[in-house]
Amino acid sequence: MRAAIALSVALTVAGCSGTDTKYDKTAGWSAEQLYTDAKAEMDAGGWNDARDRLTAIESRYPFGVYAQQALIDLAYVNWKDGENEQALAAIDRFQQMYPNHPGTDYMLYLKGLINFTPASAFMSNLTGQDPAERDPKGLRASYDAFNELIKRFPQSKYTPDAQQRLTWLVNAIAMNEVYVARYYYERGAYIAAANRAQTVITDFEGAPASEEALVIMSASYGKLGMTDLQNDAQRVLKTNYPDSTMNEQTLLTDKSWWNPFSWK
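Residues numbered from 1 in each chain as written. Predicted model: local features only at pLDDT ≥ 70, side-chain atom pairs only at ≥ 80, totals over all residues. Heavy atoms only, no water.

### A short note on the nonpolar core
Cut-off, in case you're wondering: We call a set of buried Ala, Val, Leu, Ile, Met, Phe, Trp, Tyr and Cys residues a nonpolar core when their side-chain atoms join them within 4.5 Å. Residue burial is assigned from relative accessible area. The probe radius is 1.4 Å, only protein chains are included, and a residue is buried under 20% of its type maximum, exposed over 50%, and partly exposed in between. We count a stretch as a helix when DSSP gives it H or I for four or more residues in a row; a strand needs E for two or more, and each element gets its number in order from the N terminus. What makes two residues a contact is simply this: any of their non-hydrogen atoms within 4.5 Å.
In terms of nonpolar packing, the biggest core is built from 64 residues, with Leu54, Ile57, Met107, Phe146 and Ile216 touching the most fellow members. Here this core gets 11 residues from one element, more than from any other, and that element is helix H9 (residues 159–186). In this structure, Ile216 is in contact with Val178, Ala181, Arg182, Ala193, Ala197 and Leu251, ignoring residues within four places of it in sequence.

Here you go:
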């Protein structure tokens, strides 16, 4: 009787432990098998399974050629699956581990794309959030990635598109400063408004946003009674934008001066 009870308990425990073990069909697969299956999942949009295969390559075969390509594809898969933080983390690992890899130009391009239009970057335009609290960190990170790509890999196939996006980013970041300057101006913080507008002139020379910045500077200095500085701002505005029709009135009434959702 005792032997029968012991056998029954043993079988029960064995059965329970067996049900807790997750079956892994890729156990024993080579790096090539894992990568082939990952590519098939990527082609089919199976991001979760593709991620599992690529991660398996990283952990099981960390020093082979497939591990390098797997990390590149892992960044792409995470981006396509909306996991931007994980994608950026994969790119950072790749840059640290393989600084001279031939795929570095693509990774820089992908890093720029991921940061190019963060999901909530400009939703404050719709929600009424204080624009002074908006952080253009994502845009600047995108700018840095594209700029590095252009400088290090001028012949890369990704460079022409990066150059177009970089041009947009320069004005987008400058316009963010203008938006904040206008916010300060409308609330009577004229010194803060003039300083933010000055940043656009000094840091983003030649950007289209400079026109609005000069108007804000001129109006702010006027409110502060700084006539000489106001005249200087007006002179620079007329010299660089002789056909400009912007003034303090249009500054306060025109609310359609920038559409942040369109980059071309």
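Further notes follow.
### Notes on the pattern of salt bridges
Condition: We define a salt bridge as a side-chain nitrogen of Lys or Arg found within 4 Å of a carboxyl oxygen belonging to Asp or Glu.
If you walk through the whole model with that rule in mind, you get 11 salt bridges. Ionic pairing is found between Glu177 and Arg196, a salt bridge with its closest N-O pair at 2.8 Å. Here the residue Glu177 occupies a position in helix H9, and Arg196 occupies one in helix H10 (residues 190–203), the gap between them amounting to 19 residues. Accessibility expressed as a relative area gives 6% for Glu177, which makes it buried. In this structure, a network of salt bridges that share partners links the residues Arg140, Glu177 and Arg196.

### Here's the deal with the environment of Leu34
Along the chain, the position of Leu34 falls in helix H2 (residues 31–43). In this structure, the C-alpha to C-alpha distance between Leu34 and Arg53, residues 19 residues apart in sequence, is 5.5 Å. Discounting residues that sit within four places of it in the chain, Leu34 has contacts with Thr26, Trp29, Arg53, Ala56, Ile57, Arg60 and Tyr61.

### Let's talk about helix H11 (residues 209–224)
Stated formally: Here the expected span of a helix is defined as 1.5 Å times the quantity of residues minus one.
Its 16 residues place the ends of H11 23 Å apart at the C-alpha level, agreeing with the 22 Å of an ideal helix rising 1.5 Å per residue. Of all the 16 residues making up H11, 13 are buried; the element is thus mostly covered by neighbouring parts of the structure. Gly225 lies just past H11 and shows a positive phi near 75 degrees.

### Quick notes on helix H5 (residues 84–97)
In an α-helix, one turn spans 3.6 residues; hence positions three or four apart end up facing the same way. Taking 1.5 Å per residue as the helical rise, H5 with its 14 residues ought to reach 20 Å, and the 20 Å between its terminal C-alpha atoms agrees with that figure. Residues of H5 that are buried sit in contact with helix H4 (65–80) and helix H6 (104–116).

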